[in-house]
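Listed here are the chains, written in short residue letters.
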Amino acid sequence: GGCEFDTKSGGVDVGALFRTGLRSLNIGVAINNLGPVVKLIKESYNIPTEFNAGISADLLELKNRNLSVMASWKKPMSGEERANLGFEYKLKEFVFARAGYKFGHNTEFWSFGIGVHQNVGELQVKMDYSYSEVEFLQNIQRFSIGLSF
């Protein structure tokens with residue numbers, strides 16, 4: 001027989017979203033993976049705790065169109081800082097176009113996507129497609145369908 005090892009742990013995420021009241025400006029902060037040291041055999045490990053901060057605002061707010069910008073910053077307790085910048089264009093709460101760039105990442109760079117959201121009776125249907133440039137892997141494409149009821 002082989003050797004079996006078992007350990008248990010847990011973690012907590014704590015965050016806050018501040019709606020500034022200055023037009024559409026929102027600021028968020030979070031600490032993710034707060035938890036105890038994990039012990040396995042004779043080794044001890046910290047779970048990967050990180051600090052996150054973000055800001056978002058609408059650059060253009062018209063009756064049926066909206067252009068938003070989002071920026072985020074992530075600092076792991078061990079590891080390099082990373083930042084993201086993204087834009088979303090919304091047309092009539094129906095069509096969404098998105099683009100973004102990742103700073104400080106070794107293998108991920110830019111992405112773009114499009115989505116459609118439609119209510120069908122009491123059901124909300126969301127379909128999204130995205131394309132990402134990732135080093136070593138070409139043409140990363142994602143497609144998702146979401147249903148809310």
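In this text, all values refer to a predicted model and were calculated from it rather than measured experimentally.

(A) Spotlight on the packing of aromatic side chains. For the structure shown, the criterion picks out five aromatic pairs. Centroid distance F51 to W73: 5.7 Å. Interplanar angle 65°. Geometry classified as edge-to-face. Taken together, the residues span a long stretch of sequence, with F51 in strand β5 (residues 50-61) and W73 in strand β6 (residues 65-76) at a distance of 22 residues. Within the aromatic cluster, the residues linked to one another by ring pairs are W110, F112 and Y131.

(B) How the structure looks around the side chain of S24. If you trace the backbone, S24 turns up in the loop between β1 (12-19) and β2 (26-34). Looking at S24, the relative accessible area reads 15%, which means it is buried. At a separation of 2.7 Å, a polar atom in the side chain of S24 contacts the main-chain amide nitrogen of D58. Look past the residues within four positions of S24 in its chain and what remains in contact with it is S56, A57, D58 and E61.

(C) Spotlight on the pairing of strand β7 (residues 82-91). Sheet topology places β6 next to β7; ten bridges connect them, and they run antiparallel. Bridge pairing links L67 to Y89 in β7. Counted along the chain from β6 to the antiparallel partner β7, the turn is five residues long, and its residue G79 has a positive phi close to 130°. With nine bridges joining them, β7 and strand β8 (residues 95-103) adopt antiparallel strand pairing. If you follow Y89 over to β8, its bridge partner there is A97. Hairpin remark: β7 followed by β8, antiparallel, with three residues in the connecting loop; positive phi at K92, about 55°.

(D) Local environment of unusual backbone geometry. Residue R23 is not a glycine yet carries a positive backbone phi of 50°. Looking at the element boundaries, R23 is found in the loop between β1 and β2. Its relative accessible area of 69% is what places R23 among the exposed residues. Although it is not a glycine, K92 adopts a positive phi angle of roughly 55°. Topologically, K92 is positioned in the loop between β7 and β8.

(E) How the structure looks around the pattern of salt bridges. Using the criterion set out here, one finds six salt bridges in the structure. Note that E88 is salt-bridged to R98, the shortest N-O span being 2.9 Å. In this pair, E88 is assigned in strand β7 and R98 in strand β8, connecting sequence segments ten residues apart. For E88, a relative accessible area of 18% corresponds to the buried category. Of the charged contacts in the structure, one is a salt bridge between R98 and D128, with a shortest N-O distance of 3.0 Å. With R98 in strand β8 and D128 in strand β10 (residues 123-134), this residue pair connects regions lying 30 residues apart in the sequence. We classify R98 as partly exposed; its relative accessible area is 29%. The network of salt bridges with common partners includes E88, R98 and D128.

Cut-offs applied
Residues numbered from 1 in each chain as written. Predicted model: local features only at pLDDT ≥ 70, side-chain atom pairs only at ≥ 80, totals over all residues. Heavy atoms only, no water. Phe/Tyr/Trp six-rings, centres within 6.5 Å; stacked < 30°, edge-to-face > 60°. Helix = DSSP H or I, 4+ residues; strand = E, 2+ residues; numbered from the N terminus. Buried < 20%, exposed > 50% of the residue type's maximum accessible area, 1.4 Å probe, protein only. Polar contact = N/O pair within 3.5 Å; in protein donor to acceptor, adjacent residues only side chain to side chain. Contact = heavy atoms within 4.5 Å. Pairing = 2+ DSSP bridges. Salt bridge = Lys/Arg side-chain N within 4 Å of Asp/Glu carboxyl O.

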